[in-house]
Protein chains: 2
Amino acid sequence: MPLSGVRVLDLTRVLSGPFCTALLGDLGADVIKVEAPEGDSVRGQGAGRDGLSWYFAQFNRNKRSLRLDLRTPAGKAILARLIARSDVLVENFRPGVLARLGFDDDRLQALQPRLVTCAINGFGSTGPYRDRPAFDFIAQAISGFMSVNGGPDDPPLRSGLPIGDLVAGLYAALSITAAVLHARATGQGQRAEVSLTNGLVSLLAYIATNTFATGMTPPRSGNDHPIAAPYGLFPTRDGQIALAPADDAFFRRLADALGEPGLKTDPLYATQPARVANRARINAIVGGRLAGNTTAHWVETLNAAGVPCGPVNSVADVFTDPQIRAQQMVIDVDHPGYGMVRMLGFPIKLSETPCRVRRSAPRLGEHSDEVLAELDYSEAERAAWRRDGVI
Amino acid sequence: MPLSGVRVLDLTRVLSGPFCTALLGDLGADVIKVEAPEGDSVRGQGAGRDGLSWYFAQFNRNKRSLRLDLRTPAGKAILARLIARSDVLVENFRPGVLARLGFDDDRLQALQPRLVTCAINGFGSTGPYRDRPAFDFIAQAISGFMSVNGGPDDPPLRSGLPIGDLVAGLYAALSITAAVLHARATGQGQRAEVSLTNGLVSLLAYIATNTFATGMTPPRSGNDHPIAAPYGLFPTRDGQIALAPADDAFFRRLADALGEPGLKTDPLYATQPARVANRARINAIVGGRLAGNTTAHWVETLNAAGVPCGPVNSVADVFTDPQIRAQQMVIDVDHPGYGMVRMLGFPIKLSETPCRVRRSAPRLGEHSDEVLAELDYSEAERAAWRRDGVI
């Protein structure tokens, strides 16, 4: 697999970090999840069955668990040896916490010159907000992400997904993989850092560039496209359809498919600027036709005509959608002791080294003994640490 | 830089692909943007100055432009030689288009066994929707992403950002970097694929796992947190504040900071379940205090007390926020002939090999001659192709 032979020491908890390291594990890395004695709090969160959190199971697949009390001298010594034999360390503490545990950048570098360290935090480790507590919701607010969602008169709105955490996890996985490539080529390790807020800011895309160029923020447009019409959600006989005929060619196909070929030459609608100027009228005409039949009918008919459209799936709908199933975005994983656990599949499709679940999510400390044995600690040492609660 | 020496052949247009290859370029790859004779349509989109699209400038920094007519035999021959000397080929055509141009998987493999090919598309290249036209908006609808945004009685709502395109671009950059690491280690190239829809589905996170485990989709909660209160946006004297005191410890700090220490022991509010049961009441009390002073006052006061909170920045606010500036998320790039162009900075911070703009976005065909010379084509050949409109 692409990251075979890459050992990742995972000190992260909850969401952004575990998402990052699950991606690395899906790509073949050996991820050692170092958990505090009480375990990652996600073990007790979300719905599950028979005491197993399916949220934990999904975000911690392809990892081994080492239970380790980093407040003890023995715990710190074990971590030091682990670092010396790892390629990557990932943490999502607040800035400064790892250094206060005894592992500042100099120590990390001394332990393992090729080490790639990745820090995931709320705002970055420099600047006036560096010490502030951060959560996904705050990053969504500060980054401007909330401000662009909704219509002109709606309040700012977050995404219902923890998008700040997830995007930061994705950037972290990319940073780490790139830095490992560099370390393999040059022997040089380094520190990577990704913040929830910077990650979301980087997605402001053309809204940012338009603001930079004009000094004005584009108005919010809800589900409408600011410079295309018709565009958006339309009611059907039994639900809704999302419609995005983004240019004149698509619009002409739409007009034919709706049985309204006259729209193609009507000066009120023939061009994009004309349709945007007459958005309410063209939306009414298109909406009137769409309301007369079912979503399935229109999705079939319009796609056959080459018009971009689709159903507005609920989360439950998504997982029965034939395309999502065909793409294996829902997988069942045999979880020893708990039967089959259903979880999300892999958005990365690789022809020769496909992602797969090599390990179901570990029990707390399931691999403590195995990992410490790999580090050449004796059975006596391990037994003593187990007795003392270090592992 | 991490991707120094990695040559990326970029056949992509518009957004998802160019975002992916800009990330690779930011990390040091040599990105050759192969443009059709008319150029990437984004050259003519978005706001800009003096005829330069700042949207294009941001998404195409760190690339060279080769203008190439792939409909001509000479254009195809040049592409074949480029492929033979590249590490990566990225495309965001619809499935099958690259093969119809004469470059199916077997041909690509024959030209360059170590080649990493990455396809970015709407729904994936297999399954019933593979040939459907796709846009970000449709991916937001089909993936379930829209369905989780907003309150229980609101319509499904897209993000105002092209989040499907951007997340696919990020996954593509990760796939490519991992596959290059594999190719460097083993000599084995492969085909990577990422779709807009799968990318968004993968972000359904605990909403997916809760649905899998219970068979029920969690209700939408707008800006509220389903299992924490108080939480969300609250009006202040001059705006709004986002507040996320996600557990009892944070709530106690909030109560003190608001001058309402009695809330900490009041049985109506002392525990998370009690506060969720009395959400309207606790929101009213907290909201009443917050409305009495400015956003800046509360952001300062509450953060000093260790309560997660922040302003709800507009896009314009973001770019003057002292933390965003300190994190260099706004940069000015000298663009020859156009002066300084402002654009987003780098969310990936690397200590030893930082991302930087080595090249401003290219003019159409700016590097055609240079790239063809590197491929050992003679001056006479280049002149003939220029005359014939091949380049």
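Okay, so let's go over this structure.

What counts, and where the lines are drawn
- Residues numbered from 1 in each chain as written.
- Chains lettered and ligands numbered in written order.
- Predicted model: local features only at pLDDT ≥ 70, side-chain atom pairs only at ≥ 80, totals over all residues.
- Heavy atoms only, no water.
- Least-squares fit on C-alpha atoms with pLDDT ≥ 70 in both.
- Contact = heavy atoms within 4.5 Å.
- Phe/Tyr/Trp six-rings, centres within 6.5 Å; stacked < 30°, edge-to-face > 60°.
- Helix = DSSP H or I, 4+ residues; strand = E, 2+ residues; numbered from the N terminus.
- Buried < 20%, exposed > 50% of the residue type's maximum accessible area, 1.4 Å probe, protein only.
- Expected span 1.5 Å × (residues − 1).
- Pairing = 2+ DSSP bridges.
- Axes fitted to C-alpha atoms, helices over the stretch in contact; angles between N-to-C directions.

## Observations concerning the relation of the copies chain A and chain B
Mapping chain A onto chain B leaves a residual RMSD of 0.0 Å; the transformation is a rotation of 180° accompanied by 0.0 Å of translation along its axis. The superposition operator between the copies reduces to a two-fold rotation axis. Among all C-alpha atoms of chain A, that of Leu174(A) lies closest to the rotation axis, at 2.5 Å. When the interface residues of chain A are mapped onto chain B, 100% of them are again interface residues, pointing to one common binding face.

## Overview of the packing of aromatic side chains
Going through the model one piece at a time under the given rule, you end up with 16 aromatic pairs over all chains. Here Tyr55(A) and Tyr206(B) contribute two aromatic rings whose centre-to-centre distance is 5.3 Å and whose plane-to-plane angle is 65°, an arrangement assigned as edge-to-face. One end of the pair, Tyr55(A), is in helix 2 (residues 54-59); the other, Tyr206(B), is in helix 9 (residues 205-214), on a second chain. Look at Tyr55(A) and you get buried, because its relative accessible area is 4%. Both rings, one in Phe123(B) and one in Tyr129(B), keep their centres 5.9 Å apart while their planes meet at 85°; by these two values the pair is edge-to-face.

## Re helix 7 (residues 163-186) of chain A
Residues and elements named next belong to chain A. Across its 24 residues, helix 7 extends 34 Å between first and last C-alpha, which sits within 8% of the 34 Å expected from 1.5 Å per residue. For helix 7, a buried count of 21 out of 24 residues is recorded, marking the element as mostly surrounded by other parts of the structure. The positive-phi residue at the C-terminal boundary of helix 7 is Gly187, with phi of around 80°.

## Observations concerning the environment of Thr217(A)
When you line up the elements, Thr217(A) lands in the loop between helix 9 (205-214) and strand 9 (232-235). The partly exposed category is assigned to Thr217(A), whose relative accessible area is 32%. Expressed as a C-alpha distance, the spacing of Thr217(A) and Ser351(A), which sit 134 residues apart in the sequence, is 42 Å. Apart from the residues within four sequence positions on either side, Thr217(A) is in contact with Thr211(A), Val315(B) and Ala316(B).

## Quick look at the pairing of strand 8 (residues 190-195) of chain B
All names here are of chain B. The element strand 8 is largely enclosed, with a buried count of 5 among its 6 residues. The sheet contact formed by strand 7 (residues 116-121) and strand 8 spans 6 bridges and is parallel. Looking across to strand 8, one finds that Val116 is bridged to Gln190.

## Considering the sheet that holds strand 11 (residues 309-311) of chain A
All names here are of chain A. With antiparallel pairing, the 3 strands of this open sheet are ordered in space as 9-10-11. At either margin of the open sheet sits one strand with a lone partner, and together these are strand 9 and strand 11. Taking each pair of neighbouring strands and ignoring which way they run, the sheet shows an average axis angle of 30°. For strand 10 (residues 240-243) and strand 11, the ladder comprises 3 bridges, and the chain directions are antiparallel. By the bridge assignment for strand 11, Ala242 is matched with Gly310. The strands that helix 13 (residues 295-304) touches are strand 10 and strand 11; relative to strand 11, the one it contacts most, it runs at about 155°.

## Section: the environment of Asp50(B)
Residues and elements named next belong to chain B. When you line up the elements, Asp50 lands in the loop between strand 3 (48-49) and strand 4 (52-53). Given a relative accessible area of 67%, Asp50 falls into the exposed group. Spatially, the C-alpha atom of Asp50 lies 34 Å from that of Ala74, the residues being 24 residues apart in sequence.

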